[in-house]
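# Notes for the structure review
Residue-level listing of the chains:
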Amino acid sequence: MESQELKIFREVAYAKSITKAAVNMGYVQSNITAHIKKLEDELNTVLLIRHNKGVTLTKNGEKLLCHAEQIISLLDEATQSFKKLPKTLKIGATQTITGYLLPNCLIEYQKQFPNTSITINTLNQNEISEQLFHQELDCIITNRTDIFSQAKQILCMKEKLILIAPSNCKSIDEIAKYPIIVNNIETCPYRRILLSWLHTHKIKSPSIIELDTVEAILNMVSLGGGISLLPQFVLTKNQCITQFYTEELQTTSITMWISKDKCPSEYSLLKEIISKEISG
């Protein structure tokens, strides 16, 4: 088993297509197929199920992908350790993700890669996708559902959304008496989901208050000024708010994308740390 075969297998797994993997890696399709066949023969198992939409990993294929990620990551780390230039990591993320999800993740990441220089660009959703397209960023972390054709998705996890209200609000049935507090950016997914949910349930509040930071929204709610919807990772036990979990509101995911020319194994550790932080 050679490292290049594992890289080819991993690319097929992410692309979910032998044809797309061949294009991404600049190989002919028969070369990709031959390497996969060699792996299957060596391991005496079927790794991929081929169908008209591409390929799907078998259970043993998923097992090998985990091992491949670890092996390639170790090889990349070994290579990186011999490079004289310090490693840099440029990440693009939205305000909420930058302020509340990433700090703990980056602290943990720096423990293992202390010589890595990290830059976080806090941007709106449109700016993030534009900079990734022009390769001004190494990766982006977003909760937008767009498919970035010039990038690879290496993480997709459901984020838990919480309806928050003042501490004296004891029941979700009482929320109609409070103003709605949302981000002033109309493309904000939490704003869109909350307003859509209220409209669906014909819940009319006195007014809408638009604020431009998560801190302002949290302070307004804790002071009794209204209700809002935010991801669980921004909430703490010390805030004077009431939290309501509603299954209908669970419609967003945190996704991580890297540029097409980037190697997924270089970001596997950051991906794992973010996954643990989201899952709590």
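Now for a quick tour of the structure.

Cut-off values and rules
In this numbering scheme, every chain counts its residues from 1 along its sequence in written order. Whole-chain, interface and lining totals are the exception, using all residues; otherwise, since this is a predicted model, local features are given only for residues with pLDDT of at least 70 and side-chain atom pairs are given and counted only at 80 or more. To get the side-chain values, take all heavy atoms of the structure and skip hydrogens and water. Labels follow the DSSP assignment, with helices taken as runs of H or I lasting at least four residues and strands as runs of E lasting at least two, numbered in each case from the N terminus. Under the convention used here, a 1.4 Å probe and the Shrake-Rupley method define accessible areas, while residue burial counts only the protein chains that appear. Neither His nor the chain ends contribute to the count of charged residues, in which Lys and Arg are positive and Asp and Glu negative. Lysine's charge is taken at NZ, arginine's at CZ, aspartate's at CG and glutamate's at CD. Helix axes use the C-alpha atoms of the stretch in contact, all axes being lines fitted to C-alpha atoms, and the angles between their N-to-C directions lie in the range 0 to 180 degrees. Roughly parallel refers to an angle under 35 degrees, roughly antiparallel to one over 145, roughly perpendicular to one between 65 and 115, and oblique to any angle outside these ranges. What makes a crossing left-handed is the near helix being turned counterclockwise from the far one by less than a right angle; a clockwise turn instead makes it right-handed. Note on contacts: a residue pair qualifies if any of its non-hydrogen atoms lie within 4.5 Å across the two residues. In this classification, Asp, Glu, Lys and Arg are treated as charged, Ala, Val, Leu, Ile, Met, Phe, Trp, Tyr, Cys and Pro as nonpolar, and every other residue, Gly included, as polar. A pair of aromatic rings is counted whenever rings of Phe, Tyr or Trp (Trp by its six-membered ring) have centres within 6.5 Å, and the orientation is called stacked for planes under 30 degrees apart, edge-to-face for over 60 and tilted otherwise. Only when the NZ of Lys or the CZ of Arg is both within 6 Å of the ring centre and within 35 degrees of the ring normal is a charge said to sit over the ring. Here, a disulfide means two cysteine sulfur atoms that sit within 2.5 Å of each other. Whether a residue is buried, partly exposed or exposed follows from its accessible area with a 1.4 Å probe, protein chains only, as a fraction of its type maximum: under 20%, in between, or over 50%, in that order. Any two strands are treated as partners once DSSP identifies two or more bridges connecting them.

We now examine the overall build of the protein. Counting secondary structure elements, the protein contains nine helices and twelve strands. The principal-axis extents of the C-alpha atoms in the protein amount to approximately 65 × 45 × 30 Å. Accessible area for the protein stands at about 15,100 Å²; split by element, carbon and sulfur atoms hold 52% of it. Taken together, the 30 basic and 29 acidic charged side chains of the protein have centroids lying 3 Å from each other.

Quick look at the packing of helix α5 (residues 95–112) against helix α9 (residues 268–279) now. Their axes nearest at 9 Å, the elements α5 and α9 cross at an angle of 140°. As judged from the angle between their axes, α5 and α9 are oblique. The element α5 and its partner α9 pack so that their crossing is right-handed. Together, L101, L102, N104, C105, L106, E108, Y109 and Q112 of α5 and L269, L270, I273, I274, E277 and I278 of α9 make up the contact between the two elements. Here the contact of α5 with α9 is composed, by residue class, of ten nonpolar, two polar and two charged.

We now examine the side chain of S17. Looking at the secondary structure, you find S17 in the loop between α1 (3–15) and α2 (18–25). Residues within four places of S17 in sequence aside, it is in contact with V12, G54 and V55.

Inspection of every chain in the model, using the stated rule, returns one aromatic pair. For K160, the ring lying beneath its charged end belongs to Y245, and the centroid distance is 5.1 Å.

With the rule as written, the count across this model stands at zero disulfides. Free of any disulfide, C139 has its nearest cysteine sulfur in C105, 11 Å distant. By relative accessible area, which is 0% here, C139 ends up buried.

Spatially, the three strands line up as an open sheet ordered β10-β7-β11, and their pairing is antiparallel. Lying at the two open borders of the sheet, with one neighbouring strand each, are β10 (228–231) and β11 (241–244). Pairwise comparison of adjacent strand axes, ignoring direction, gives a mean angle of 40° for this sheet. Across four bridges, strand β7 (residues 161–166) lies against β10 in antiparallel orientation. Of the residues in β10, the one forming a bridge with I162 is L230. Seen against the sheet, helix α7 (residues 189–200) touches β7 and β10 and runs at an angle of roughly 135° to β10.

In this section: unusual backbone geometry. The phi torsion at K16 lies on the positive side, around 55°, for a residue other than glycine. Residue placement: K16 occurs in the loop between α1 and α2. In this structure, N44 is a non-glycine residue whose phi angle is positive, near 55°. When you line up the elements, N44 lands in the loop between α3 (29–43) and β1 (48–51). Overall, N44 belongs to the exposed group, its relative accessible area being 71%.

Glancing now at the sheet that holds strand β12 (residues 253–259). A sheet is described by the order of its strands in space; here five strands give the open sequence β4-β3-β5-β12-β6, paired in mixed fashion. The open sheet terminates on both sides in strands that have one partner only, identified here as β4 (117–122) and β6 (151–158). Here the average twist between neighbouring strands, direction ignored, is 20°. Examined bridge by bridge, strand β3 (residues 88–93) and strand β5 (residues 139–142) share three bridges and lie parallel to one another. For G92, the partnering residue across the bridge sits in β5 and is I140.

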